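What follows is each chain in one-letter form.
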Amino acid sequence: QVRLVESGGGLVQAGGSLRLSCVVSESVYMIESMSWYRQASGNERDLVATTSSGAPGYYADSVEGRFTISIDNGKNTVYLQMNSLKPEDTAVHYCNARLKPWAWSRVSDYWGQGTQVTVSA
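The notes below deal with the structure included here.

**Considering the overall build of the protein chain**
Scanning the protein chain for helices and strands turns up 0 helices and 11 strands. Secondary structure elements of the protein chain, listed N to C terminal, follow the sequence β-β-β-β-β-β-β-β-β-β-β. Radius of gyration (C-alpha) of the protein chain: 14 Å, near the 14 Å computed for a compact globule of 121 residues. Principal-axis analysis of the C-alpha atoms gives the protein chain an extent of 50 × 25 × 25 Å. Across the protein chain, contacts joining residues at least 24 apart in sequence account for 55% of those joining residues at least 6 apart. For the protein chain, the exposed area adds up to about 6500 Å²; of that, 46% sits on carbon and sulfur atoms.

**Remarks on the environment of L11**
One can find L11 in strand β2 (residues 10-13). As for L11 and T90, which are separated by 79 residues in sequence, their C-alpha atoms are 9.1 Å apart. Not counting residues up to four positions away in its chain, the partners in contact with L11 are T118 and S120.

**Looking at unusual backbone geometry**
Even without glycine at this site, N76 takes up a positive phi of about 50 degrees. On the basis of relative accessible area, N76 is assigned to the buried category, the value being 19%. One non-glycine residue, S84, lies in positive phi territory at about 50 degrees. Mapping S84 onto the fold places it in the loop between β8 (77-82) and β9 (91-100).

**Some details on the nonpolar core**
W36, L80 and M82 are the most contacted members of the largest nonpolar core, which totals 27 residues. Those elements giving two or more residues to this core turn out to be β3 (18-24), β4 (30-39), β5 (46-51), β7 (67-72), β8, β9 and β11 (115-120). Ranked by residues supplied to this core, first place goes to β3 with 4 residues. With sequence-adjacent residues up to four places away left out, M82 is seen in contact with G16, S17, L18, L20, R66, F67, H93 and V117.

Calculation criteria
Residues numbered from 1 in each chain as written. Predicted model: local features only at pLDDT ≥ 70, side-chain atom pairs only at ≥ 80, totals over all residues. Heavy atoms only, no water. Helix = DSSP H or I, 4+ residues; strand = E, 2+ residues; numbered from the N terminus. Rg over C-alpha atoms; globule rule 2.2 N^0.38 Å. Contact = heavy atoms within 4.5 Å. Areas by Shrake-Rupley, 256 points an atom, 1.4 Å probe, with all protein chains shown as cover. Buried < 20%, exposed > 50% of the residue type's maximum accessible area, 1.4 Å probe, protein only. Core = buried A, V, L, I, M, F, W, Y, C linked by side-chain atoms within 4.5 Å.

Next up, the structure:
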């Protein structure tokens with residue numbers, strides 16, 4: 001069973017930085033894209049950033065210029081470098097991968113368990 005394992009969340013002061021990591025637990029046939037979403041308390045889960053191999057990242061307006069998403073294809077890992085953090089970035093951050101576990105399978109969405117990011121004022 002393919003799993004996404006996240007790490008790197010925590011508590012940081014406003015203006016600080018954190019780097020989130022998300023690794024796909026086993027080798028898969030193809031990864032179409034990897035993304036980060038976040039969900040603040042009482043809100044819906046929103047897209048933060050997404051990327052696919054060889055393509056520039058897409059960012060939500062609220063994080064453009066502060067966050068950077070990148071993929072290490074050799075490690076099946078996606079990173080989210082978060083700089084100049086603000087209190088409004090506080091949320092549970094989720095990793096998403098659209099992938100095919102095997103050549104004969106269809107592309108499906110997989111989700112990590114979520115990692116808490118808390119930014120204090």
